[in-house]
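# Coordinates in review
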Amino acid sequence: MNLTQAFRELVQIGITLTSEQDLGTLLERILTEARRFTRAEAGTLFLREGDLLRFSVVQNDRLAKELGEEEMRRRLKAEPLHLRELSLAGHVALTGDILNLHDPYMIPPGRPYACDARVDARLSYRTQSILVVPLQDPAHNILGVLELINALDRGRVVPFDSQYESLVRSLASQAAVALRNARLEDLSFKDALTDVYNRRYFTIRMEEEFKRHCRFGEPLSLALMDLDHFKEVNDRLGHRAGDEVLREVAQLLVKHSRSFSIVTRYGGDEFAIILVNTTKAGGLTYAERIRNVIEQNRSAHSPVTASLGIASLPEDATPVDDLVVGPDRALYDAKRLGGNRAAAA
């Protein structure tokens, strides 16, 4: 390994990570860069939440080819790991140690960690070498764990070079600082009640996505959603119940939207969803699906329905501000016709 070249790459990766402010994109990039740096076939990034490690990003080149990206992610993302359970990631999260194992299936008895072979068995995959590194900031807080799996050399799996250990620890430390900063930035863009993005973030992302549309010609759709007769919920059951309904609806939107769709609270009981790389027909399909999900959901307080308006680029607008006008008018039409429906501009 050329250490001089490796250090140069490390500096560039650090610059890339610290300039990324979107938390989801940052997490993907941390794992992608770490895998590229170490030539790892696969990897997992865990984030620590109290006594739990949550699967935040999973990547596996071989399984992505065999199963497709979405199915691979669905199968690999498992229940959170508890730090009291005997695991490689849990041990690293608790101790800050690095584990570089040539064969995790051959760990001697009595070690304070163990390899969980259940995921491999479920997917007919074999973890042959693994490098596990803490995401540790300068204050020694461990924010998560990076697992790099199966180093490749000319297409065959080899152990991770021990010289990578200090380099990957440095990369992980830079990643931890970037992660901490992105979390702080993320908080300023989040709606305190629903935990989805706020209107400030919506405005920024609409500008960014409009520029992307102008540059690459990718379709862009916007859905505006308003809860039907929401004022009656507040008047009849109180504002606390109304807040719970808003939180519940926000969770449904996040759950039933693609990972790269941007769910925001636009104001009051109105939500705006930026549908990246989505045609008008796709946006209308999404709106109808969301309308049905909310209608079928059994709310603890009362039946809740929603109306949605859709508009798209390039069909419905030229300036980015006009794209908001289209779904707003369509939403008004949907409400005027009785609500619980989706309409296009």
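Please refer to the structure placed before this passage.
Below or above, wherever it landed, is the structure these notes cover. For clarity, every value in this text was computed on a predicted model and none was experimentally measured.

## Things to note about the layout of surface pockets
- Estimated volume of the second largest pocket: approximately 630 Å³.
- Along the walls of the second largest pocket sit 32 residues, with Phe46, Phe55, Asp116, Val119 and Glu147 positioned nearest its centre.
- For the lining of the second largest pocket, the elements supplying multiple residues, two or more each, are β1 (40-49), β2 (52-60), α5 (88-95), α6 (118-123) and β6 (142-153).
- Per element, the largest residue contribution to the lining of the second largest pocket is five residues, and it comes from α6.

## Focus: the packing of helix α9 (residues 230-237) against helix α10 (residues 239-255)
- At their nearest, the axes of α9 and α10 sit 6 Å apart, and the two run at 140 degrees to each other. Between α9 and α10, the interaxial angle falls into the category oblique. Two secondary-structure elements touch here, α9 through Phe230, Val233, Asn234 and Leu237 and α10 through His239, Ala241, Gly242, Val245 and Leu246.
- Residues belonging to the contact of α9 with α10 are distributed by class as follows: six nonpolar, three polar and no charged.

## A short note on the sheet that holds strand β12 (residues 342-344)
- Spatial strand order, β9-β10-β8-β11-β12: five strands in an open sheet with mixed pairing. Unpaired on one side and paired on the other, β9 (262-267) and β12 mark the two borders of the sheet. Neighbour to neighbour, the strand axes of the sheet diverge by 20 degrees on average, direction disregarded.
- The pairing of strand β8 (residues 220-227) with strand β10 (residues 270-276) spans seven bridges and is classified as antiparallel. Paired with methionine 225 across the bridge in β10 is phenylalanine 271.

## A short note on the pairing of strand β5 (residues 130-136)
- With respect to burial, β5 is a largely interior element, seven of its seven residues being buried.
- The pairing of β5 with β6 spans seven bridges and is classified as antiparallel. Bridge pairing links proline 134 to valine 145 in β6.
- The loop that links β5 with its antiparallel partner β6 comprises five residues; one of these, histidine 140, has a positive phi angle of about 70 degrees.

## What to know about empty space enclosed by the protein
- Applying the stated criterion across every chain, the model contains two cavities of 30 Å³ or more.
- If you add up the space inside the largest cavity, you get close to 50 Å³.
- For the largest cavity, the full set of lining residues is Val245, Glu248, Val249, Leu252, Ile294, Asn297, Ser299 and Val304.
- No other element matches α10, which puts four residues into the lining of the largest cavity.
- Looking at the lining of the largest cavity, its residues break down into five nonpolar, two polar and one charged.
- Size it by volume and the second largest cavity reaches roughly 30 Å³.
- Lining the second largest cavity, in full, are Glu209, Arg212, His213, Glu218, Pro219, Leu220, Val276 and Asn277.
- Of all the elements, helix α8 (residues 199-216) adds the most residues to the lining of the second largest cavity, at three residues.
- A per-class count over the lining of the second largest cavity returns three nonpolar, two polar and three charged.

## Observations regarding the pattern of salt bridges
- Summed over the entire model, instances satisfying the criterion amount to 19 salt bridges.
- Among the salt bridges present, the one from arginine 54 reaches glutamate 49, with a minimum N-O distance of 2.6 Å.
- Judged by its relative accessible area of 33%, arginine 54 is partly exposed.
- Between arginine 212 and glutamate 209 there is a salt bridge; the shortest N-O distance is 3.0 Å.

## Re the side chain of glutamate 270
- Within the secondary structure, glutamate 270 is located in strand β10.
- Despite its burial, glutamate 270 remains without a salt bridge, the nearest opposite charge being carried by arginine 199 at 6.5 Å.

## Describing the pairing of β2
- Where β1 lies against β2, eight bridges are found, and the strand directions are antiparallel. When the bridges of β2 are listed, glutamate 49 appears paired with leucine 52.
- Between β1 and β2, which pair antiparallel in sequence order, lie two residues; one of them, glycine 50, sits at a positive phi of approximately 65 degrees.
- Bridge count for β2 against strand β3 (residues 81-82) is two bridges, and the pairing is antiparallel. Note on β3: the bridge partner recorded for leucine 53 is leucine 81.

## Let's talk about the nonpolar core
- With 31 residues, the main nonpolar core has Leu45, Leu148 and Leu179 as its most contacted residues.
- Those elements that place two or more of their residues in this core are α2 (23-38), β1, β5, β6 and α7 (164-188).
- Take this core: its biggest share by element is 10 residues, from α7.
- Discounting chain neighbours no more than four positions away, the residues touching leucine 148 are Leu31, Ala34, Arg35, Thr38, Ala40, Ala42, Gly43, Ser129, Ile130, Leu131, Phe160 and Val168.

## Remarks on α5
- Most of α5 sits inside the fold, with six of its eight residues counted as buried.
- Turning to α5, its buried residues number three or more, namely Leu88, Ala89, Gly90, His91, Val92 and Ala93.
- In this fold, the buried residues of α5 make contact with β1, β2, β3, β4 (99-101), β5 and β6.
- At the N-terminal end of α5, a side-chain oxygen is found 2.9 Å from the backbone nitrogen of glycine 90, two or three residues along, and the residue is serine 87.

Calculation notes
Residues numbered from 1 in each chain as written. Predicted model: local features only at pLDDT ≥ 70, side-chain atom pairs only at ≥ 80, totals over all residues. Heavy atoms only, no water. 1 Å grid on protein atoms, 1.4 Å probe; cavity = no way out; pocket = protein on both sides within 12 Å on 5 of 7 lines; lining within 4 Å. Points joined across faces, edges and corners; volume = space filled by probe spheres on them. Helix = DSSP H or I, 4+ residues; strand = E, 2+ residues; numbered from the N terminus. Axes fitted to C-alpha atoms, helices over the stretch in contact; angles between N-to-C directions. Parallel < 35°, antiparallel > 145°, perpendicular 65-115°, else oblique. Contact = heavy atoms within 4.5 Å. Nonpolar A, V, L, I, M, F, W, Y, C, P; charged D, E, K, R; others polar. Pairing = 2+ DSSP bridges. Buried < 20%, exposed > 50% of the residue type's maximum accessible area, 1.4 Å probe, protein only. Salt bridge = Lys/Arg side-chain N within 4 Å of Asp/Glu carboxyl O. Lys, Arg positive; Asp, Glu negative; His and termini not counted. Core = buried A, V, L, I, M, F, W, Y, C linked by side-chain atoms within 4.5 Å. Polar contact = N/O pair within 3.5 Å; in protein donor to acceptor, adjacent residues only side chain to side chain.

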